[in-house]
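Summary of the model geometry
Residue-level listing of the chains:
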Amino acid sequence: MTTATTVDEPMALAAAQLRTARMRVTAPRMAVLVAVSDSSGHLDADTLRERAQRVTGHLSLQATYNVLHALTDAGLVRCTQIPGHPARYETERHDNHHHFVCRGCGAIRDVECTVGTAPCMEPQLPEEYDTQEAVVTFWGLCPDCRAATSES
Ligand SMILES: [Zn+2]
Ligand SMILES: [Zn+2]
């Protein structure tokens, strides 16, 4: 069975990641983790479920969400909530990157962490507040949608 080796390697890697995160290794967790790692990022739960099912067989959407929540809690997966879109999942790289969302087609791309003088990153809050995260979403049009707009 030479065809199996291509599948086995990412699954073994996923199993190792789960063990490192002190999580129980289960087939759905491995399959969902592989689906997230294999993508270039920002897939919703339904798309990840479809991909994971190729390995595990039937996986309910609720089970997929449960796995994604567990993986997010464990710091293996990053969940991004964008208003008007289903939650998106990608590999957690702890790089604190931001997102650009196209208003035209809904495409999402990563934006490097904003550095330099960005006053909005320093929240104007009393010191009693413990700010833990700043989420920046840039909205606009991607090159394809800009081109389509100017053509019409
Ligand atoms: Zn677009
Ligand atoms: Zn991202």
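Residues numbered from 1 in each chain as written. Chains lettered and ligands numbered in written order. Predicted model: local features only at pLDDT ≥ 70, side-chain atom pairs only at ≥ 80, totals over all residues. Heavy atoms only, no water.

Let's talk about the coordination of the zinc ion (ligand 1)
Applied cut-off: Sites may look incomplete because water is not among the atoms; the donors themselves are N, O and S atoms within 2.8 Å of the metal, or within 3.2 Å for Na, K and Ca. When four donors show all angles between 85 and 135 degrees the site is tetrahedral, when four or six donors have opposite pairs over 155 degrees and all other angles between 65 and 115 it is square planar or octahedral respectively, and in every other case it is irregular. The helix count covers DSSP runs of H or I at least four residues long, the strand count covers runs of E at least two residues long, and both are numbered beginning at the N terminus.
Looking at the zinc ion (ligand 1), the protein donor atoms are Cys-102 (SG), Cys-105 (SG), Cys-142 (SG) and Cys-145 (SG), and they sit 2.2 to 2.3 Å from it. Classification of the site at the zinc ion (ligand 1) rests on its four donor atoms, whose angles at the metal span 101 to 115°, yielding the label tetrahedral. Here the donor residues of the zinc ion (ligand 1) are spaced in sequence according to C-x2-C-x36-C-x2-C. With a gap of 40 residues between them, Cys-105 in the loop between strand S4 (98–102) and strand S5 (108–111) and Cys-145 in helix H5 (residues 143–151) connect regions that are remote in the sequence.

A short note on the pattern of salt bridges
It is possible for side chains of opposite charge to pair when their charged atoms get near one another. Formally: The rule for a salt bridge is simple: a side-chain nitrogen of Lys or Arg has to be within 4 Å of a carboxyl oxygen of Asp or Glu. When a residue's accessible area, from a 1.4 Å probe over protein chains only, is under 20% of the maximum for its type it is buried; when over 50% it is exposed; and in between it is partly exposed.
This model, assessed by the stated rule, comprises three salt bridges. With a shortest N-O distance of 3.3 Å, Arg-49 and Asp-46 are connected by a salt bridge. Here Asp-46 and Arg-49 lie together in helix H3 (residues 45–56), a separation of three residues that amounts to about one turn. The class of Asp-46 is partly exposed, set by a relative accessible area of 35%. Between Arg-93 and Asp-95 there is a salt bridge whose closest N-O contact spans 3.8 Å. Given the relative accessible area of 32%, Asp-95 is considered partly exposed. Here the residues in one salt-bridge network are Arg-93, Asp-95 and Asp-110, joined through shared partners.

Concerning helix H4 (residues 61–73)
As a reminder of what qualifies: Each helix should span, by expectation, one fewer than its residue count multiplied by 1.5 Å. The arc in question is the one traced by the directions running from the helix axis out to the C-beta atoms.
For H4, built from 13 residues, the straight-helix expectation of 18 Å at 1.5 Å per residue is met to within 8% by its first-to-last C-alpha distance of 18 Å. Buried within H4 we find Thr-64, Val-67, Leu-68 and Leu-71. What you see down the axis of H4 is that its buried residues fit within an arc of 100°, all on one side. In H4, the exposed residues that point more than 90 degrees away from the buried face are Gln-62 and Asp-73.

Comments concerning the coordination of the zinc ion (ligand 2)
The coordination sphere of the zinc ion (ligand 2), as far as protein atoms go, consists of His-42 (NE2), Glu-90 (OE), Glu-90 (OE), His-97 (NE2), His-99 (NE2) and Asp-110 (OD), spread over 2.1 to 2.4 Å. Of note is the zinc ion (ligand 2), whose six donor atoms meet at the metal with angles of 55 to 169° in an arrangement that counts as irregular.

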